[in-house]
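The chain contents come next:
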Amino acid sequence: MILFSTRTMQYIAKNINTNHGSCIVKNFSDGELYVHINNEIKGKDVWLLASTQPPAENMLELFFMLDALNRAGASKINLIISYFAYARQLHAMQGESSSAQVICNILKNFPISKLFIFLPHDGTELHNFLPYTDILDIEFFCEKAVLYDAIAAPDKGAHIFAQKIADFCNKEIVFLSKKRPEQEEVEILSLEGSVNNKKVLLIDDIISTGRTMIEAAEFLKKNGAKTISAAAIHGVFSPGSHERLEKSIIEKIYVTNTIFQEAHKKIVVSDIGPLISKIINNHINKEEIL
Ligand code: R5P
């Protein structure tokens, strides 16, 4: 097998101990992308690692890499997407684009043997549009959860997976609900469960503006929580979020590097590289047994 990666995942790929493929990805002066696979891969199994944040150029790079690998004759293409951008735009209102469905439809045109995605937003629904295997990095959450008395899901979207993690780590769970009065604004509406005098860990899939975590933390504090920290798989950290989170009452913020990340003041980063190696090795070993 040969491992390739988009430019956004080279920091993970370089630490994976395997046969690495080489490719050229560059821009022409007009901005168009050019992709060329340098290896002879005809009849070979390949793995591709991709992260699609920021989405515009990186999504195209992913599509062009898939096309180039296919045209170069790879016998099997397995794809791991660490961050699936656009997943938050799956449900479209009248007049809007369902951007997530557009991306799913494009991906379905490629002969992908196996697709793994790290906890995509709206995962249960996304399965209706794209066949993939969900990677919920339980170890990442549980390693942090042991340090806290209770886990909190900041909104309805996080209820199912936060519950899964709470069950797995044997922790108490509380549920919050939120609304968005405006795009990227957050208001927490209710709390189910008790946080009085507890150290609470908020769990979500994504931190983008940081407002969901910040408003949820304020709400928990008002309801008696002793301390509040936050954990999310994907640290999107849109502009202004680092400063906002820094000023907030949240003590520690744990994220993984599904998107390139460096530790930043209260932000602690966990590496997904070992989990990716494990997924690839397990898959290869399983195929060998069959
Ligand atoms: C969406 O509802 C997600 O699960 C997250 O809660 C959301 O994307 C976080 O965004 P932000 O940090 O901008 O509040």
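A few points on the structure.

Parameters at a glance
- Residues numbered from 1 in each chain as written.
- Predicted model: local features only at pLDDT ≥ 70, side-chain atom pairs only at ≥ 80, totals over all residues.
- Heavy atoms only, no water.
- Salt bridge = Lys/Arg side-chain N within 4 Å of Asp/Glu carboxyl O.
- Helix = DSSP H or I, 4+ residues; strand = E, 2+ residues; numbered from the N terminus.
- Buried < 20%, exposed > 50% of the residue type's maximum accessible area, 1.4 Å probe, protein only.
- Pairing = 2+ DSSP bridges.
- Axes fitted to C-alpha atoms, helices over the stretch in contact; angles between N-to-C directions.
- Contact = heavy atoms within 4.5 Å.
- Phe/Tyr/Trp six-rings, centres within 6.5 Å; stacked < 30°, edge-to-face > 60°.
- Core = buried A, V, L, I, M, F, W, Y, C linked by side-chain atoms within 4.5 Å.

Re the pattern of salt bridges
Piece 1. Scanning the model with the defined rule gives 5 salt bridges in all.
Piece 2. A salt bridge links Glu 57 to Arg 7; its shortest N-O distance comes to 3.5 Å. One end of the pair, Glu 57, is in helix α2 (residues 55-71); the other, Arg 7, is in the loop between β1 (2-5) and α1 (10-13), and 50 residues separate them in sequence.
Piece 3. The partly exposed category is assigned to Arg 7, whose relative accessible area is 31%.
Piece 4. Glu 172 is paired through a salt bridge with Lys 198; the nearest N and O atoms lie 2.6 Å apart.

Notes on the sheet that holds strand β12 (residues 227-235)
Piece 1. An order of β10-β9-β8-β11-β12-β13-β14 is seen for the 7 strands of this open sheet, with the pairing classed as mixed. The open sheet has two edge strands, β10 (187-192) and β14 (267-270), and neither has a second partner. Neighbour to neighbour, the strand axes of the sheet diverge by 25° on average, direction disregarded.
Piece 2. Alignment of strand β9 (residues 172-179) against β10, held across 5 bridges, turns out to be antiparallel. By the bridge assignment, Ser 177 is partnered in β10 with Ser 190.
Piece 3. Here helix α5 (residues 138-145) sits on the sheet in contact with β8 (150-153), β11 (199-207), β12, β13 (253-256) and β14, set at roughly 170° to β12.

Comments concerning the packing of aromatic side chains
Piece 1. Here the structure, examined in full by the defined rule, presents 7 aromatic pairs.
Piece 2. Measuring from ring centre to ring centre gives 5.0 Å for Tyr 11 and Phe 260, while their planes differ by 80°; the resulting arrangement is edge-to-face. Highlighted residues: Tyr 11 in helix α1 and Phe 260 in the loop between β13 and β14, separated in sequence by 249 residues.
Piece 3. According to the relative accessible area criterion, Phe 260 is partly exposed, its value standing at 48%.
Piece 4. Ring geometry for Tyr 148 against Tyr 254: centres 6.4 Å apart, planes inclined by 75°, an arrangement best described as edge-to-face.

Describing the nonpolar core
Piece 1. By size, the foremost hydrophobic cluster in this structure holds 39 residues, and its most contacted members are Phe 4, Leu 62, Leu 79, Phe 84 and Leu 107.
Piece 2. At the level of elements, β1, β3 (33-37), β4 (45-51), α2, β5 (76-83), α3 (99-108) and β6 (112-118) are the ones that each hand at least two residues to this core.
Piece 3. Top contributing element to this core by residue count: α2, with 7 residues.
Piece 4. Sequence-distant contacts of Phe 4, defined by excluding residues within four places in its chain, comprise Gly 21, Ser 22, Cys 23, Ile 37, Asn 39, Ile 41, Val 46, Trp 47, Leu 48, Leu 49, Met 65 and Leu 69.
Piece 5. Core analysis: the next-biggest nonpolar cluster, separate from the first, contains 24 residues, Leu 176, Leu 220, Ala 230 and Ala 232 among them.

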